[in-house]
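Structural characterization, general
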Amino acid sequence: MRAPVFDAVIHAPGRLQICAMLSAADEVEFATVRDAIAVSDSVLSKHVKQLEDAGYLKVRKAAAAGRQRTWLALTPEGKAAFAAHVSELTRLAGIALG
């Protein structure tokens with residue numbers, strides 16, 4: 001794991017929720033993430049793009065049940081960045097509660 005570091009890309013509430021969901025699974029369908037964090041398709045797409053541009057997320061499109069579906073997954077770099085960010089938040093919370 002990387003050293004604790006505050007990551008502004010991950011820290012935005014929507015992206016933090018996305019990373020948390022994806023860290024617990026190999027991959028999650030776009031619609032499942034959208035519904036879980038209660039945002040529109042366009043808002044989720046913007047968050048996905050920012051995470052993808054940072055190299056933290058990969059997108060896979062595949063046909064399933066006659067429809068095009070989009071699957072999201074954290075990259076190894078994304079998993080490491082999320083773990084480091086959570087570690088830094090935990091450290092900061094410890095200072096505040098200290």
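All figures in this text were calculated on a predicted structure; none of them were measured in a lab.

Right, let's talk about helix α4 (residues 41-53) for a bit. Quick reminder: α-helices carry 3.6 residues per turn. Residues three or four places apart thus point the same way. Relative to the 18 Å expected for 13 residues at 1.5 Å per residue, α4 spans 18 Å between its end C-alpha atoms, a close match to the ideal helical length. All of the buried residues along α4 are L44, H47, V48 and L51. Seen from one end, α4 has its buried residues packed into an arc of 100°, which puts them on one side. Across from the buried face of α4, at angles greater than 90 degrees, the exposed residues are K46 and D53. Those residues of α4 that are buried lie in contact with α1 (8-11), α2 (13-23), α3 (30-37), β2 (57-64) and β3 (67-74). Residue G55 follows α4 closely and has a positive phi angle near 85°.

Rules and cut-offs
Residues numbered from 1 in each chain as written. Predicted model: local features only at pLDDT ≥ 70, side-chain atom pairs only at ≥ 80, totals over all residues. Heavy atoms only, no water. Helix = DSSP H or I, 4+ residues; strand = E, 2+ residues; numbered from the N terminus. Expected span 1.5 Å × (residues − 1). Buried < 20%, exposed > 50% of the residue type's maximum accessible area, 1.4 Å probe, protein only. Arc of directions from axis to C-beta. Contact = heavy atoms within 4.5 Å.

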